[in-house]
Amino acid sequence: MRLYHGSNQLIQTIDLSKGKKFKDFGQGFYATHLRGQALYWSKRIAERFGGTATVTEFEFDLDAAVADGVKVRMFKKPDRDWALFVMANRKNDGVEFRHDYDIVIGPVADDNMARLFGLYDMRIIDLDAVLAGLIYKDLNSQYFFATERALNYIKRV
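Throughout, residues of each chain are indexed from 1 in the direction in which the sequence is written. In keeping with the model being predicted, local features are shown solely for residues with a pLDDT of at least 70 and side-chain atom pairs are shown and tallied solely at 80 or more, while totals for entire chains, interfaces and linings include all residues. The side-chain numbers reported here are obtained from all heavy atoms of the structure, hydrogens and water having been left aside.

Chemist: Break down helix 3 (residues 80-90) for me, with residues and values.
Modeler: Looking at helix 3, one finds that the buried residues are Trp82, Ala83, Phe85, Val86, Met87 and Asn89. Here, residues are in contact when the closest pair of their heavy atoms is within 4.5 Å. We count a stretch as a helix when DSSP gives it H or I for four or more residues in a row; a strand needs E for two or more, and each element gets its number in order from the N terminus. The secondary structure elements touched by the buried residues of helix 3 are strand 5 (103-107), helix 4 (111-121) and helix 5 (127-134). Polar contacts here mean pairs of N or O atoms no more than 3.5 Å apart (in protein, one a potential hydrogen donor and the other a potential acceptor; neighbouring residues in sequence count only if both atoms are side-chain atoms). One side-chain oxygen of the residue at the start of helix 3 lies 3.3 Å from the amide nitrogen of Asp81, identifying that residue as Asp79. Using a 1.4 Å probe on the protein chains alone, a residue whose accessible area is under 20% of its type maximum counts as buried, one over 50% counts as exposed, and one in between counts as partly exposed.

Chemist: Residue-level account of the environment of Trp41, with values.
Modeler: Structurally, Trp41 can be placed in helix 1 (residues 35-49). In the structure, Trp41 is positioned 110 residues away from Leu151 in sequence and 21 Å away in space, judged by C-alpha atoms.

Chemist: How would you sum up the sheet that holds strand 7 (residues 154-156)? Please name residues and give values.
Modeler: With antiparallel pairing, three strands are arranged side by side in an open sheet as 1-3-7. Edge positions in the sheet fall to strand 1 (2-7) and strand 7, since each of these pairs with one other strand and no more. For this sheet the average axis-to-axis angle between neighbouring strands, irrespective of direction, equals 35°. The sheet strands contacting helix 1 are strand 1 and strand 3 (54-60), and the helix crosses strand 1 at an angle near 15°. Note: two strands are recorded as paired if DSSP finds a minimum of 2 bridges between them. Comment: axis = line fitted to C-alpha atoms, over the contacting stretch for helices; angle = value between 0 and 180 degrees taken between N-to-C directions.

Chemist: Tell me about the pattern of salt bridges, and please be specific about residues and values.
Modeler: Only one rule defines a salt bridge in this text: a Lys or Arg side-chain nitrogen within 4 Å of an Asp or Glu carboxyl oxygen. Following the criterion strictly, the structure yields six salt bridges and no others. For Asp24, the salt bridge identified is with Arg90, shortest N-O distance 2.6 Å. Residue Asp24 is found in the loop between strand 1 and strand 2 (29-31), and its partner Arg90 is found in helix 3; the two are separated by 66 residues along the sequence. The salt bridge partner of Asp100 is Lys71, with a shortest N-O separation of 2.7 Å. Here Asp100 is found in the loop between helix 3 and strand 5, whereas its partner Lys71 is found in the loop between helix 2 (62-67) and strand 4 (72-74), with 29 residues between them in sequence. With a relative accessible area of 34%, Lys71 lands in the partly exposed category. Linked by salt bridges that have partners in common, Arg2, Arg35, Glu57 and Glu59 make up one network.

Chemist: Now, about the side chain of Gln142: what can you tell me, with residues and values included?
Modeler: By the secondary structure assignment, Gln142 is in strand 6 (residues 141-145). Accessibility expressed as a relative area gives 7% for Gln142, which makes it buried. Those residues in contact with Gln142 that lie beyond four places of it in its chain are Asp24, Phe25, Tyr30, Ala31, Val104, Ile105, Gly106, Pro107, Val108 and Ala109.

Geometric values such as these leave the question of function open.
What follows is the structure, given as structure tokens:
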């Protein structure tokens, strides 16, 4: 499967420590199977931090990872489990949440979802209101690589 990573530079080698903390699935390396989504992100990052909008292509072998016993979590849609997982990873309260998955695949929490999560954290809305906000969402996808073991299954093209 072909994956794409949008950045302000070509990715020669994946360095998990360069990923920002408190993202949807945690600190690590993110990619998507949607080239247009990667291109969009590359432009946003280059505008924000400088550099040149660049999409790096990778080949990913999910079947081999699963066959080798790599711990994979897959969210097919934005639902209750996905929302709780993303909110736990994004929560910046001094205690970093750490899951034990090597690879996580699922929807991207866009800016509107982040607002809902913030309202939930402030106790302005409850989880049911967050979940109601998910009903009409057609969110982009992301593939998250959390461990060095996971990186054995993604290679730059």
